[in-house]
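# Overview (structure and organization)
Each chain is listed here by its residues.
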Amino acid sequence: MSLLTISDYEKILNFYFFINKDYSDFINRTLTALIDFFDLKLTAYAVFDVNPDGQRSLSKLETLYLRPNILKAYKENFYAYDPFYNKIDTLRNSNKFKYVYTTNDLCYDEFLNSPYGESLIKNGIAYQAILGASDAAHPPMNIISIFKTRNEGNFTQKELELLTQIGKAFHESLNLFRKYTSQADKIFLANRLFDLTSVGFVFFNKNKDVIDFNKTFINYTAFLSSKPNINEIVYDLINFVESTNQITLDNLKENSVIKTNGFLVTFYPPQINQNQYIETFYCLTIRKIEERQPGDDIQNHLVEEYNLTKRESEILSLLVDGASNLQISETVYISVSTVKSHVRNIFNKLNVSTRSEAIRKIRKLALFENNN
């Protein structure tokens, strides 16, 4: 029989609606809702990133009522010694889908005698519960910590049942939040990276699962891969780019541009998103070389106005696409030193000294041409 009342369930429902009403400040709204609906003030919200090797790092820690010195000490000295942090994957009952863990799930003496526990005791805190541990397998990890003082006593059975229901609501809300920010970041990255009307594109995540793609990508990849579905096509292209560059997807630091079968395949490095609480995006684009691009008139103008050679014009196009000197050399089959020589000549003819200046000059010319 449930220890919760109808009023408790109404608060849980209101908590769920409140934190999902506006995702622009998800962490702050979550902490505020814990106070407003359940009077849980001694709370903290932590975000742990996980790198490809499985190493965790604390990327964000926020609270509304805890003393700043507690958070500062945790960030600088104690989170690596936090018993919850160290045993997040092996806590008692971890084989079950559990929404709340408390100091009861640890050896309490171990908790109290750890540097982390000792620091909490000095600040009057003796008990802790965490929500969100069920998301440990889907980094980054979002963890809510709820603390009680020694005077308040340990968590009661009713409080544990309430925290379980709050944990369920938080878990579902986090999934919705990730979907929302995934869509928002995809649009943001697409607008930042390229003109969607001129290329085929595909977005995928760390697991190489396809998130989104356009029709142009499917049309172009029909010439590059015989695989029947989009995920297998992406696997083919990733393997092609990685083997050509002899570098893995996660280690890519700059755009990789490869010329194959009449197409330019551009592999973008892992993107830093505008929202840090979702998974990293990766992107591949495909541009047809033979196809007349919207910038052809501009390129012709550059050749005529600045006396660029055909090779210099080709290198300038790759440069604007973000290719490095090494990538340009591999694309047009000339040495890196020859590429550098061409780039210097291009800079001299355009009367610029850096790549960014050259790109700005071309964009200004593009704006002028389009207006005309």
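Above this note sits the structure.
In every chain, residue numbers begin from 1 and rise along the written sequence. Given that the model is predicted, a residue must reach a pLDDT of at least 70 before its local features are reported, and side-chain atom pairs must reach 80 or more before they are shown or counted; all residues, however, enter totals for whole chains, interfaces and linings. To get the side-chain values, all heavy atoms of the structure are used, and hydrogens and water are removed first.

## Details of the overall build of the protein chain
Counting its secondary structure elements, the protein chain contains 14 helices and 10 strands. Here the protein chain holds 372 residues, and 47% of them are scored as buried. Considering only intrachain contacts with a sequence separation of at least 6, the fraction spanning at least 24 residues in the protein chain is 56%. Values of accessible area rely on a 1.4 Å probe in the Shrake-Rupley scheme; residue burial ignores everything except the protein chains shown. For the protein chain, the computed accessible surface area is about 19,400 Å², with 50% contributed by carbon and sulfur atoms. Where helices and strands are cited, they refer to DSSP runs of H or I of at least four residues and of E of at least two residues respectively, numbered from the N terminus. Relative accessible area decides the class of each residue, using a 1.4 Å probe on protein chains only: under 20% of the type maximum gives buried, over 50% gives exposed, and in between gives partly exposed. By definition in these notes, contact holds between two residues if any of their heavy atoms fall within 4.5 Å.

## Here we look at the pattern of salt bridges
Once their charged atoms are close, side chains differing in charge can pair, the charge on each being opposite to the other. We count a salt bridge whenever a side-chain nitrogen from Lys or Arg sits within 4 Å of a carboxyl oxygen from Asp or Glu. Evaluation of the coordinates by the stated rule reveals 6 salt bridges. Among the salt bridges present, the one from K158 reaches D8, with a minimum N-O distance of 3.5 Å. Within this pair, whereas K158 is found in helix α7 (residues 157-193), its partner D8 is found in helix α1 (residues 6-21), the two being separated by 150 residues in sequence. For K158, a relative accessible area of 37% corresponds to the partly exposed category. The partner of E312 in a salt bridge is K349, with the nearest N and O atoms 2.8 Å apart. Pair noted here: E312 is in helix α11 (residues 310-320) and K349 is in helix α13 (residues 336-350), with a separation of 37 residues, a long-range link. Under the relative-accessibility criterion, E312 is labelled buried at 4%.

## Observations regarding the environment of I12
The residue I12 is located in helix α1 in this model. I12 gets classed as buried once you look at its relative accessible area, which sits at 9%. Distance from I12 to F37, taken between C-alpha atoms, is 7.7 Å for residues 25 residues apart in sequence. When neighbours within four sequence positions are excluded, I12 is seen to be in contact with L4, F38, L162, Q165 and A169.

## With respect to the pairing of strand β5 (residues 141-149)
Sheet faces and side chains relate simply in a regular strand, where the side chains alternate between the two faces. Taking burial as the measure, the 9 residues of β5 include 8 buried ones, the bulk of the element. Bridge analysis of strand β4 (residues 125-131) against β5 gives 6 bridges, and the strand direction is antiparallel. Directly across from Y127, in β5, lies its bridge partner K148. The pairing criterion is simple: DSSP has to find at least two bridges between the two strands.

Just geometry here; none of it tells us what the structure is for.
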